[in-house]
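Survey of secondary and tertiary structure
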Amino acid sequence: MRYKLFGHSGLRVSELCLGTMTFGEEWGYGTSKETCRQIFETFLQAGGNFLDTANLYTNGTSERYLGEFVQDEREHLVLATKYTMSSPGHDPNAAGTQRKNLVQSLEASLKRLGTDYIDVYFIHMWDFLTPIEEVMRALDDMIRAGKVLYVGISNTPAWIISRANTLAELRGWTAFTGIQVEYNLIGRAAERELLPMARSLDLAVTVWSPLASGILTGKYNQGQGGGRAGLAVANERSLSIAAEVVKIAEARECSPSQVALSWVRQQPGVIIPILGARTVAQLKENLQCLQIRLTEEEMSQLDAASQIDLGYPHTYLQPTDPHNFAYGGMFDQIDAHRGIEAIPNL
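Here goes a summary of the coordinates provided. Throughout this document, residue positions are counted from 1 along each chain, in the order its sequence is written. Given that this is a predicted model, residues contribute local features only at a pLDDT of at least 70 and side-chain atom pairs are listed and counted only at 80 or more, while totals for whole chains, interfaces and linings are drawn from all residues. Neither water nor hydrogens contribute to the side-chain values; these are computed over all heavy atoms in the structure.

Topic: the sheet that holds strand E12 (residues 271-275)
Sheet architecture is closed into a barrel: eight strands sit in the order E3-E4-E5-E6-E7-E8-E9-E12, paired in parallel fashion. Taking the axes of each pair of neighbouring strands and ignoring which way they run, one obtains an average angle of 30° across the sheet. Where strand E7 (residues 148-154) lies against strand E8 (residues 178-182), three bridges are found, and the strand directions are parallel. By the bridge assignment for E8, Ile153 is matched with Ile179. Here a residue-residue contact requires only that any non-hydrogen atoms of the pair lie within 4.5 Å. For helices, the fitted axis covers only the stretch in contact; all axes are lines through C-alpha atoms, and the angles between them, taken along N-to-C directions, range from 0 to 180 degrees. Here a helix means four or more residues in a row that DSSP labels H or I, a strand means two or more in a row labelled E, and each is numbered from the N terminus. Of the strands in this sheet, strand E6 (118-123) and E7 touch helix H4 (residues 132-144), which is tilted by about 150° from E7. At least two DSSP bridges between two strands are needed for those strands to be called paired.

Here's what the structure looks like:
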C-alpha cells in the first residue's frame, strides 16, 4: 500500500479507503460484528489507514463498531465520517447542513466513535436551504475547537464547492480539502464538472461505488442479478460495459473487480476508491487491484466502451476542435503550464 496527500493538505492517506456502510446488519445487507472486525483488521494488515463511515450508516452501528475497532490504533488512523442525512422523522433540524445539525451530529458521532476528534469531516449531501456562509463558518468553528482536522464535501454541485472554497479563502476560514463522488465505468458524470474542478483546486477525490453496486464484477452478466443494483441500473449499456471489463479480466487472469478498480485508480488527480465489503475474501480480492496496472490500450478500450457525452459547454470548448477559435488554431503549439488539468478528457 502506498499513500497519497489528501488534496492541498499534508495529510497522508492510504491509496485505498475502507468503506464501512456494511458494518452492522440493521439495513438487511450488512454483516456481523465479528466479520466486520476481521475486515477492518485485514485492511490494516494490508497497510490501509483511511476509514470512511457516516452517522446515518446502519442507524449508527457502523460508527459504533468502527469506534470500538480503532481504539488501539486511533493515533495512526485517518478517520472520516459525515453528517447531513437523517432517516425520516419529525424533527426538521435532524437533517441538513445548518449549524444546529452540524453541532448535534458531530457530538453524536464523536460519542459513537469514542474519539475526541474526526480527521476528515464530510458534508454528506448539499442542503440548498442553508447559506454557504453559515456552513463554512460553522465547519471552521469546529476545526478551531479541535473537534475536526480537515473538511470535505460529498454529493454537491461543483459550482457550490468552488464558491465555498473561494469564500473560505477570502475570509480566512478552512476550505474543503477533498470531495466524495460516485464514479465508475458506468457512472462517469463526475467527469463533466466535479473531477476537473478537483484537479484544478487540488482536492482529493474519494470515490464511492467504484464497482457500480456490483455490476462491474460481471455477476449480472452471468444471470446472478437483475434490474436495479443500488443506484446503478443493470441495463443494456451497463451490462455491455461490464462485459468489456470481464473480457480484459479474463485475458489478464484476474477478477473483473480488480480491472474496474484499476481503471478508477489510474484516472488523473488524487483518486482514492472506497472499498466496501461484506466478507474478508471479497476485500482481499479487491485489495489485489494494487497489483494491477492497465495498459494504455486497455484503458482506451474501457474508455471507448463507457464514454459519455460531456455536453455543453464542454463540447463547444474543446481546444482541439477546429471550430474553437479561442486559441487561433494554435493550441497544439502552445506550451501551457496551467489550466490544462481543468479541461475534461483532454
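Points about a nonpolar patch on the surface
Where nonpolar side chains cluster on the molecular surface, the patch consists of Tyr312, Tyr316 and Leu317 and spans about 430 Å² of accessible area. With respect to the helices and strands, the residue Tyr316 is situated in helix H11 (residues 314-317). Exposure is judged per residue with a 1.4 Å probe applied to protein chains only, and the accessible area is read against the type maximum: over 50% gives exposed, under 20% gives buried, and values in between give partly exposed. By relative accessible area, which is 60% here, Tyr316 ends up exposed. Two distance rules govern patches: like charges are joined within 9 Å, and nonpolar side chains (Val, Leu, Ile, Met, Phe, Trp, Tyr) within 5 Å, applied only to residues with over 30% relative accessible area and no salt bridge. Residue exposure ignores everything except the shown protein chains as possible cover, and the areas themselves are Shrake-Rupley values with a 1.4 Å probe. Just to be clear on terms, a salt bridge is a Lys or Arg side-chain nitrogen sitting within 4 Å of an Asp or Glu carboxyl oxygen.

Structural notes on H4
For H4, which comprises 13 residues, the first-to-last C-alpha distance of 18 Å matches the rise-based estimate of 18 Å (1.5 Å per residue) to within 8%. Here H4 has its buried residues at Ile132, Val135, Met136, Ala138, Leu139, Asp140, Asp141, Met142 and Ile143. For H4, the elements touching its buried residues are helix H3 (99-113), E6, E7 and helix H5 (158-171). By this rule the span expected of a helix is its residue count minus one, scaled by 1.5 Å.

Section: the state of the cysteines
Our working definition of a disulfide is a cysteine sulfur pair at a distance within 2.5 Å. Counting across every chain of the model gives zero disulfides. In this structure Cys36 is a free cysteine whose sulfur lies 15 Å from that of Cys17, the closest cysteine sulfur available. Cysteine Cys254 is unpaired, with the sulfur of Cys289 as its nearest cysteine sulfur at 10 Å. Residue classification places Cys254 among the buried positions, given a relative accessible area of 15%.

Overview of the nonpolar core
By nonpolar core we mean a set of buried residues, namely Ala, Val, Leu, Ile, Met, Phe, Trp, Tyr and Cys, connected to one another through side-chain atoms within 4.5 Å. Ranked by internal contacts, the top residues of the largest apolar core, which has 84 residues, are Phe23, Leu51, Met136, Leu139, Phe176, Ile179 and Leu216. For this core, the element with the highest residue contribution is H4, accounting for seven residues. Ignoring sequence-local partners within four residues, the contact set of Ile179 consists of Phe122, Ile153, Ile161, Leu194, Met197, Ala198, Leu203, Ala204, Val205 and Thr206.

Regarding the environment of Ser154
In this structure, Ser154 sits in strand E7. Ser154 sits in the buried class, given a relative accessible area of 1%. Spatially, the C-alpha atoms of Ser154 and Met85 are 11 Å apart, while their sequence positions differ by 69 residues. Other than its neighbours up to four places away in sequence, Ser154 contacts Phe122, Ile123, His124, Met125, Trp126, Gln180 and Trp208. Counting of polar contacts relies on pairs of N or O atoms within 3.5 Å, with two restrictions inside protein: one atom must be capable of donating a hydrogen and the other of accepting it, and residues adjacent in sequence are counted only when both atoms are side-chain atoms. Among the polar contacts made by the side chain of Ser154, one reaches the side chain of Asn155 at a distance of 3.1 Å.

Re the packing of aromatic side chains
Think of a pair of aromatic rings as described by two things: how far the centres are apart, and how the planes are tilted against each other in angle. Under the pairing criterion, centres of Phe, Tyr and Trp rings, with the six-membered ring standing for Trp, must be within 6.5 Å; the plane angle then separates stacked pairs below 30 degrees from edge-to-face pairs above 60, leaving the rest tilted. Taken as a whole, this structure holds ten aromatic pairs when the rule is applied. Considering the side-chain rings of Phe23 and Phe69, the 6.0 Å spacing of their centres and the 65° angle between planes classify their relative orientation as edge-to-face. Highlighted residues: Phe23 in the loop between strand E3 (17-19) and helix H1 (33-45) and Phe69 in helix H2 (residues 61-70), separated in sequence by 46 residues. Phe69 carries the same exposure label as Phe23, and that label is buried. Here Tyr312 and Tyr316 contribute two aromatic rings whose centre-to-centre distance is 6.3 Å and whose plane-to-plane angle is 40°, an arrangement assigned as tilted. An aromatic cluster of at least three residues, connected via ring pairs, comprises Phe23, Phe40, Tyr65 and Phe69.

Structural notes on H1
If you check H1, its first and last C-alpha atoms are 18 Å apart, about what 13 residues at 1.5 Å a residue would give, namely 18 Å. Along H1, the residues classified as buried are Thr35, Cys36, Ile39, Phe40, Thr42 and Phe43. One side of H1 carries all its buried residues, which in axial view fall inside an arc of 160°. On its buried side, H1 packs onto strand E2 (12-14), E3, strand E4 (50-52), H2 and helix H9 (280-287). Gly47 sits one or two positions beyond H1 and adopts a positive phi of about 105°. Directions pointing from the helix axis toward each C-beta atom define the arc.

Considering unusual backbone geometry
Omega for the bond connecting Tyr312 with Pro313 falls within 30 degrees of zero, at 5°, which places this linkage in the cis form. With respect to the secondary-structure elements, Pro313 resides in the loop between helix H10 (296-306) and H11. Of note, Asn155 is a non-glycine position whose phi angle comes to about 50°, a positive value. Turning to its location among the elements, Asn155 is positioned in the loop between E7 and H5.

Things to note about the pairing of E6
Within E6, six of the six residues are buried, which leaves the element mostly enclosed by the surrounding structure. As paired strands, strand E5 (residues 78-83) and E6 are joined by four bridges and run parallel to one another. Its bridge partner lying in E6, Lys82 is registered against Phe122. On the question of chirality, the crossover connecting E5 to the parallel E6 by way of H3 is right-handed. In this sheet, E7 lies alongside E6 in parallel orientation, the contact comprising five bridges. Bridge pairing in E7 places Phe122 opposite Gly152. Viewed with both strands pointing away, a crossover whose connecting path from the first strand over the helix to the second turns clockwise is right-handed.

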